[in-house]
Amino acid sequence: MDLTYTEEEREFRARLREWLAKVLPELPAKPSPDDWPGRRAYDMGWQRRLYEAGYAGLHWPVDAGGRGATPTQHLIYLEETERAGAPYVGANFVGLLHAGPTIAAEGTAEQRARWLPPVLRGDEVWCQGFSEPEAGSDLASLRTRAVRDGDEYVITGSKIWTSHAEVADWCELLVRTDPAAPKHRGISWLAMPMDAPGVTVRPLRTLAGSTEFAEVFLDEVRVPVANRVGAENDGWRVTMVTLSFERGTAFVGEVVACRRTLGELARTARANGRWDDPVLRRRLGRLYGEFGALWRLTQWNVSEAQRAGGVPGIGGSVFKLAYSHARQELYEVAAEVLGASSLVLEEEWTLDRLSSLSYTIAAGTSQIQQNIVAERILGLPKGR
């Protein structure tokens, strides 16, 4: 991994920085966190600006609608947009970082042409229909059934923790297409339209008061067989591709955000007298080193993904495991630095701290990541 910048990469950074300085002041005010239609419009408006400026899907392959940028250019983009305070992908999270890359890697030419351009333009939102009430960490135990009926699947079941379901147009859906097969071999990956008859969405309110997740109930929902990505009953392999993106590269922008947050905490501690505490200084210093190491690991993972044809490897589990715990400790330190002001529910710091508690669960629990690291990287035997 070469960590030096070429002249072309320095010019790319300068152009991007100039564009951000021009466009960010023109953005409308952010909508209320409870205004999901407004949040969708805001997030998709930002995606449209990125698309028109040539920054949408920067690192996606050219034949998938992207620019085929180098890993270094991708990381420069993440650094500069985060440092400038640009909007995050928001409601476009699943489409841009999970479903889209999966379809780019596994979909047919027709599927890529149908679904990828609307994601990049900000026209369509995706949600993730993986987890179920009795199949969370043990995802392969899912029970949602899809029965073949001619050129359609008839789907019955339910999903939970479905991200952005209330504003989504499409769902990356895991279904069981062969109940007699071993649990990892009877699954298929489908693209389901959220406006199909029989789909019911019930928002879930989180600890922080947000409704970014939902329960989704499926009552004989019909989905064309043509919407299946990969072969029938090969969905577990396709799902591993999706999860490799979710764990390997989807969080990289957040590492930059955490490093910026850490700097803000250090400045606040100096201003309010907390900097005199040597224990606090050591914690901040250790976190500074930890997030620096995570950024280097991010660079390595992105470079490895590029060499592997764009699909991240199992090293993403190492990153996800370390990042989840580092983020939680970051906001524990934030509470220590800010004191009582960090307990006000409306404060952004408080909401971020509450959100951090979910990171050891979301995208695969820490226990699952530990098993993956132990078995697939270290070669240890499976636990009994």
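In this text, all values refer to a predicted model and were calculated from it rather than measured experimentally.

Parameters and conventions
- Residues numbered from 1 in each chain as written.
- Predicted model: local features only at pLDDT ≥ 70, side-chain atom pairs only at ≥ 80, totals over all residues.
- Heavy atoms only, no water.
- Helix = DSSP H or I, 4+ residues; strand = E, 2+ residues; numbered from the N terminus.
- Buried < 20%, exposed > 50% of the residue type's maximum accessible area, 1.4 Å probe, protein only.
- Contact = heavy atoms within 4.5 Å.
- Areas by Shrake-Rupley, 256 points an atom, 1.4 Å probe, with all protein chains shown as cover.
- Axes fitted to C-alpha atoms, helices over the stretch in contact; angles between N-to-C directions.
- Parallel < 35°, antiparallel > 145°, perpendicular 65-115°, else oblique.
- Left-handed = near helix turned anticlockwise from the far one by under 90°.
- Nonpolar A, V, L, I, M, F, W, Y, C, P; charged D, E, K, R; others polar.
- Phe/Tyr/Trp six-rings, centres within 6.5 Å; stacked < 30°, edge-to-face > 60°.
- Lys NZ or Arg CZ within 6 Å of the ring centre and 35° of its normal.

## A short note on the overall build of the protein
Alright, step 1. Counting its secondary structure elements, the protein contains 11 helices and 8 strands.
Alright, step 2. Each of the 384 residues in the protein was classed as buried or not, and the buried ones make up 51%.
Alright, step 3. Contacts in the protein between residues far apart in sequence, at least 24 positions, make up 72% of those at least 6 positions apart.
Alright, step 4. Element-wise, carbon and sulfur atoms account for 53% of the exposed surface of the protein, whose accessible area totals about 18,000 Å².

## A look at the packing of helix H4 (residues 93-106) against helix H5 (residues 109-121)
Alright, step 1. Following both chains from N to C, one finds H4 and H5 inclined at 155°, their axes separated by 10 Å at the closest point. In terms of orientation, H4 and H5 fall into the roughly antiparallel class. The two elements H4 and H5 cross, and the hand of that crossing is left-handed. Here Gly95, Leu96, Gly100, Ile103, Ala104 and Ala105 of H4 lie close against H5, whose contacting residues are Gln111, Arg112, Trp115, Leu116, Val119 and Leu120.
Alright, step 2. The residue inventory of the contact of H4 with H5, partitioned by class, reads 8 nonpolar, 3 polar and 1 charged.

## Focus: the side chain of Gln47
Alright, step 1. Positionally, Gln47 belongs in helix H2 (residues 36-53).
Alright, step 2. Judged by relative accessible area, Gln47 falls into the buried class, the value being 3%.
Alright, step 3. Contacts of Gln47, omitting those with residues within four sequence positions, involve Ala56, Asn92, Leu96, Val119, Leu120, Arg121 and Gly122.

## Quick look at the environment of Asp178
Alright, step 1. Along the polypeptide, Asp178 turns up in the loop between strand S4 (170-176) and strand S5 (187-193).
Alright, step 2. Distance from Asp178 to Asn233, taken between C-alpha atoms, is 6.9 Å for residues 55 residues apart in sequence.
Alright, step 3. Once residues lying within four places of it in the same chain are set aside, the contact partners of Asp178 are Gly186 and Asn233.

## Some details on the packing of H2 against H5
Alright, step 1. Relative to each other, H2 and H5 sit at 100°, their axes nearing to 7 Å. Here H2 lies roughly perpendicular to H5, going by the angle between them. Counted together, Met44, Gln47, Arg48 and Tyr51 of H2 and Val119, Leu120 and Arg121 of H5 form the full contact between these two elements.
Alright, step 2. Residues of the contact of H2 with H5, tallied by class, amount to 4 nonpolar, 1 polar and 2 charged.

## Some points on the packing of aromatic side chains
Alright, step 1. Scanning the entire structure with this criterion turns up 9 aromatic pairs.
Alright, step 2. Both rings, one in Phe12 and one in Tyr55, keep their centres 6.2 Å apart while their planes meet at 65°; by these two values the pair is edge-to-face. Note that Phe12 is positioned in helix H1 (residues 7-23) and Tyr55 in the loop between H2 and helix H3 (71-83), a separation of 43 residues in sequence. Judged on exposure class, the residue Phe12 and its partner Tyr55 are both buried.
Alright, step 3. Considering the side-chain rings of Trp126 and Trp170, the 6.0 Å spacing of their centres and the 25° angle between planes classify their relative orientation as stacked. Here Trp126, found in strand S1 (residues 126-129), pairs with Trp170, found in strand S4; they are 44 residues apart in sequence, far enough to count as distant.
Alright, step 4. According to the relative accessible area criterion, Trp126 is buried, its value standing at 1%.
Alright, step 5. Between the NZ or CZ atom of Arg270 and the centre of the ring of Trp275, over which it lies, the distance is 4.1 Å.

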